[in-house]
Amino acid sequence: MEKKELLYEGKAKKVYTTEDPDVLIVSYKDDATAFNGLKKGTIVGKGAINNRMTNYIFKKLEEKGVPTHYIEELNDRETAVKKVEIVPLEVIIRNFSAGSFAKKMGMEEGVQFKCPTLEFSYKNDDLGDPFINKYYALALDLATEEEIDAITRYAFQVNEVMKEYFASLNIELIDFKIEFGRYHGQIILADEVSPDTCRLWDKDTHEKLDKDRFRRDLGNVEDAYQEVFRRLGIDK
Ligand code: ADP
Ligand code: UDP
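Because the structure is a prediction, the values reported are computed rather than measured.

## Some remarks on the site of ligand 2
Around ligand 2, a shell composed of 15 residues is seen, among which Arg94, Ser100, Asp175, Arg199 and Arg215 lie nearest. In the model, an oxygen atom of ligand 2 is placed 2.8 Å from a nitrogen or oxygen of the arginine 199 side chain. Arginine 215 is positioned such that a nitrogen or oxygen atom in its side chain is 2.8 Å from an oxygen atom of ligand 2. Across the complex, the protein chains shield 76% of the 500 Å² of accessible surface that ligand 2 would expose by itself. In terms of residue class, the shell around ligand 2 is built from four nonpolar, three polar and eight charged.

Okay, structure coming up:
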């Protein structure tokens, strides 16, 4: 599988076309951004960790019945994926209060919810990914009701699988963001699942093992990504 043309360069990944119109190659970068691109930096080794972690988890999710874009890991940083039409919704699931939720609700971080929550942001950098609900998404024709229902169902299923899996690594899954796409009429999970897109806390110490270390200048950013990768045991 060979890269043909650069289709898109995002903040964390480059996306290339291939000979096959249904297949793209994503290439994960070490670049890190936060606050809608305002803060920029590099997290050495992040690209390879996020690539390999995403693929590992996507394979687990496939086994549990969640369809994903994963086709084949080509090397440390690059993966062949099914080309989808991304549904412009950032789907956020939360198990504990943190980040924008804690701020908005005037709560401390780390409070466990009675049940998981789901929210949507409209994926639009110019607008700063505003919070929207299902009715906005329908009114703006971002997705059909059937698609939103499938996305909601899969998102909670992803949460159950990941929550249980991270718990086995002594990691609390606080919250995460996922994206879905349309592939030949079906909704499938796309993009990535990594310390860039999840909040992951050590269960005992509550140490943050995710991008909040970069966002909040907490130090040991590379170590945190490597610690998650080490616990996944992918190399074994
Ligand atoms: P951003 O666009 O937010 O800067 P990235 O740097 O991660 O994010 O760029 C990757 C882009 O590729 C994202 O816009 C994402 O929605 C998109 N994408 C992810 N998976 C697929 C896929 N299977 N097919 C098409 N586009 C995808
Ligand atoms: N998230 C993400 N991309 C975004 C916004 C959020 O991956 O553009 C993830 C973030 O890492 C966290 C979850 O979604 O795991 C919830 O983020 P929140 O809404 O609390 O926003 P933040 O505090 O990151 O601004």
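Right, picking up where we left off after that structure.
## A word on the site of ligand 1
Taken together, 17 residues lie around ligand 1, and Tyr8, Lys11, Ala12, Lys13 and Glu179 are the ones closest in. The contact in question runs from an oxygen atom of ligand 1 to an N or O atom on the side chain of lysine 13, over 2.5 Å. Side-chain polar atom of histidine 69 to a nitrogen atom of ligand 1: 2.8 Å apart, as the coordinates give it. Considering ligand 1 on its own, with 560 Å² of exposed area, one finds that the protein chains cover 88% of that surface. Of all the elements in the fold, those that place two or more residues in the shell around ligand 1 are β2 (13–17) and β7 (78–82).

## With respect to the pattern of salt bridges
Evaluated as defined, the whole model comprises 30 salt bridges. Here lysine 13 and glutamate 192 are joined by a salt bridge, their closest N and O atoms 2.7 Å apart. Of the two residues, lysine 13 is situated in strand β2 and glutamate 192 in the loop between β13 (186–190) and β14 (198–202); the sequence distance between them amounts to 179 residues. Taking relative accessible area as the criterion, glutamate 192 reaches 3% and is therefore assigned buried. The partner of aspartate 212 in a salt bridge is arginine 216, with the nearest N and O atoms 3.4 Å apart. A relative accessible area of 1% places aspartate 212 in the buried class.

The rules behind each value
- Residues numbered from 1 in each chain as written.
- Chains lettered and ligands numbered in written order.
- Predicted model: local features only at pLDDT ≥ 70, side-chain atom pairs only at ≥ 80, totals over all residues.
- Heavy atoms only, no water.
- Near = heavy atom within 4 Å.
- Polar contact = N/O pair within 3.5 Å; in protein donor to acceptor, adjacent residues only side chain to side chain.
- Areas by Shrake-Rupley, 256 points an atom, 1.4 Å probe, with all protein chains shown as cover.
- Nonpolar A, V, L, I, M, F, W, Y, C, P; charged D, E, K, R; others polar.
- Helix = DSSP H or I, 4+ residues; strand = E, 2+ residues; numbered from the N terminus.
- Salt bridge = Lys/Arg side-chain N within 4 Å of Asp/Glu carboxyl O.
- Buried < 20%, exposed > 50% of the residue type's maximum accessible area, 1.4 Å probe, protein only.

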